[in-house]
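A structural walkthrough
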Amino acid sequence: MSTLDDLPPLRDVIATHDLRAKKSMGQNFLLDLNLTARIARLSGRLEGAQVLEVGPGPGGLTRGLLAEGASRVLAVEKDARCLPALEEIAARYPGQLTVVNGDALQIDVGAHLDGPWRVVANLPYNIGTELLVRWLTPASWPPPWSSLTLMFQKEVAQRITAQPGDKAYGRLAVLSQWRTTAEIVMTLPPEAFSPPPKVHSAVVHLTALPEPRFPADATILERVVAKGFNQRRKMLRAALKGLVPDLEDRLMAAGIAPTERAERVSIEQWCALARVIAD
Ligand code: SAM
């Protein structure tokens, strides 16, 4: 039964439009509309909100977003088979849902949404990290989005929210937490999806900070952090070798022992190192 709106239950939508999940498209659908409404609400109050949804599929989360009060949803779906089902939702919410049949990696969101927008998505796992890194590295800060509420496989969610010293702490944690607050707000077992994936999933909510936590040039910081974690078990004097002359002096000037390993360096220290290197 659909309790969210007067549209058919998702199992009927899938049967009517023959939407058998394709692995190549990263398709694991959420069919429980109570759950999709809850995920929609994890992004905050939706009344009047403009939302980018990547990969709406048969539209469970899309319906959650609209039923919870989003004023505009831009839904970008690569699989053309989903379009008729999404058009039915668009007809139920006239003027509120724009469906684009295309690749989320190519979309110009500003051409469709005019106000501040947020992203809410059950991401296809194969492009999830790439999309996140793009949203986290815009040309300037603050970014055009206010928050990201994203479903990932649980291991990726843990990499985003990890702290120094955690096994999962790395480039993704530094990139994410330098300019956002990031927390896991829901975990889901495989059975929540159809078909069930092999892994557990988690929703991460990231809110853009008005300014980075610590000053640093974004390009330099990204380069230093990427190189540091590339050989995460090595001491930094070895892992960062060749990055700059006088590496050990610069590490010490940033308050980091040259024998330290990347996995123990805080975001504040990475930023200090990026500043010393910029000088
Ligand atoms: N939102 C739906 C749900 O929660 O049931 C579907 C989520 S499913 C994990 C991922 C969706 O992303 C699929 O509908 C898939 O077709 C779509 N997709 C895959 N690659 C895409 C891309 N590059 N751009 C846009 N959508 C994509």
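Residues numbered from 1 in each chain as written. Predicted model: local features only at pLDDT ≥ 70, side-chain atom pairs only at ≥ 80, totals over all residues. Heavy atoms only, no water.

Notes on the sheet that holds strand β7 (residues 180-188)
Our working definition: At least two DSSP bridges between two strands are needed for those strands to be called paired. Put simply, DSSP H or I for four residues or longer makes a helix, DSSP E for two residues or longer makes a strand, and each gets a number counted from the N terminus. Where helices are involved, their axes are fitted lines through C-alpha atoms of the stretch in contact, as for all axes, and angles between N-to-C directions lie from 0 to 180°. Residues count as neighbours in contact if any of their non-hydrogen atoms are within 4.5 Å of one another.
Strands sit in the order β4-β3-β2-β5-β6-β9-β7 across an open sheet of seven strands; the sheet is mixed. For this open sheet the edge positions go to β4 (97-101) and β7, each flanked by a neighbour on one side alone. Along the sheet, successive strands turn relative to each other by an average axial angle of 20°, direction set aside. Pairing analysis gives seven bridges linking strand β6 (residues 145-153) to strand β9 (residues 201-208), with the strands arranged antiparallel. When the sheet's bridge partners are listed, Gln 153 is paired in β9 with Ser 201. Contacts from helix α4 (residues 83-92) reach β3 (72-77) and β4 within the one sheet, and its direction differs from that of β4 by about 165°. Along the sheet, helix α7 (residues 171-179) contacts β7 and β9; its crossing angle with β7, the most-contacted strand, is approximately 120°.

What about the site of the ligand?
Filter applied, for reference: Residues are classed as near a molecule or strand on a simple rule: at least one heavy atom within 4 Å of it. Between N or O atoms, a polar contact is any pair within 3.5 Å; within protein, one atom must be a potential hydrogen donor and the other a potential acceptor, and residues adjacent in sequence are included only when both atoms are from side chains. Only the protein chains shown count as cover for residues, with accessible areas throughout obtained via the Shrake-Rupley method and a probe of 1.4 Å.
Taken together, 21 residues lie around the ligand, and Leu 30, Gly 55, Glu 77, Asp 103 and Asn 122 are the ones closest in. Here a nitrogen atom of the ligand sits 2.7 Å away from a polar atom, N or O, in the main chain of Gly 55. Between the ligand and Gly 57, the relevant distance is 3.4 Å, taken from an oxygen atom to a main-chain nitrogen or oxygen of the residue. Considered on its own, the ligand offers 590 Å² of accessible surface; in the complex 98% of this is hidden by protein.

Quick look at the pattern of salt bridges
To be explicit about the condition: Throughout this description, the term salt bridge denotes a Lys or Arg side-chain nitrogen within 4 Å of a carboxyl oxygen of Asp or Glu.
Inspection of the entire model under this criterion finds nine salt bridges. Put simply, Arg 92 and Asp 6 hold a salt bridge, and the shortest N to O gap is 2.7 Å. One end of the pair, Arg 92, is in helix α4; the other, Asp 6, is in the segment before α1 (10-16), with 86 residues separating them in the sequence. As a salt-bridge pair, Glu 130 and Arg 134 come within 3.3 Å of each other at their nearest N and O atoms.

Topic: the domain arrangement of the chain
Keep this limit in mind: For the purposes of this description, domain bounds are those given by an automatic or database domain assignment. Throughout, the accessible surface (probe 1.4 Å) given up by two parts as they are put together, summed over both, is called the buried area.
Segmentation of the chain into domains returns domain 1 (10-208) and domain 2 (218-278). Here domain 1 and domain 2 have C-alpha centroids that lie 33 Å from each other. Across the boundary between the two partners, domain 1 contributes 14 residues, which contact 15 residues of domain 2. Of the roughly 1,000 Å² buried between domain 1 and domain 2 on both sides combined, carbon and sulfur atoms contribute 71%. Considering only the surface of domain 1 that becomes buried against domain 2, Tyr 169, Val 174 and Trp 178 emerge as the three largest contributors, covering 51% of it.

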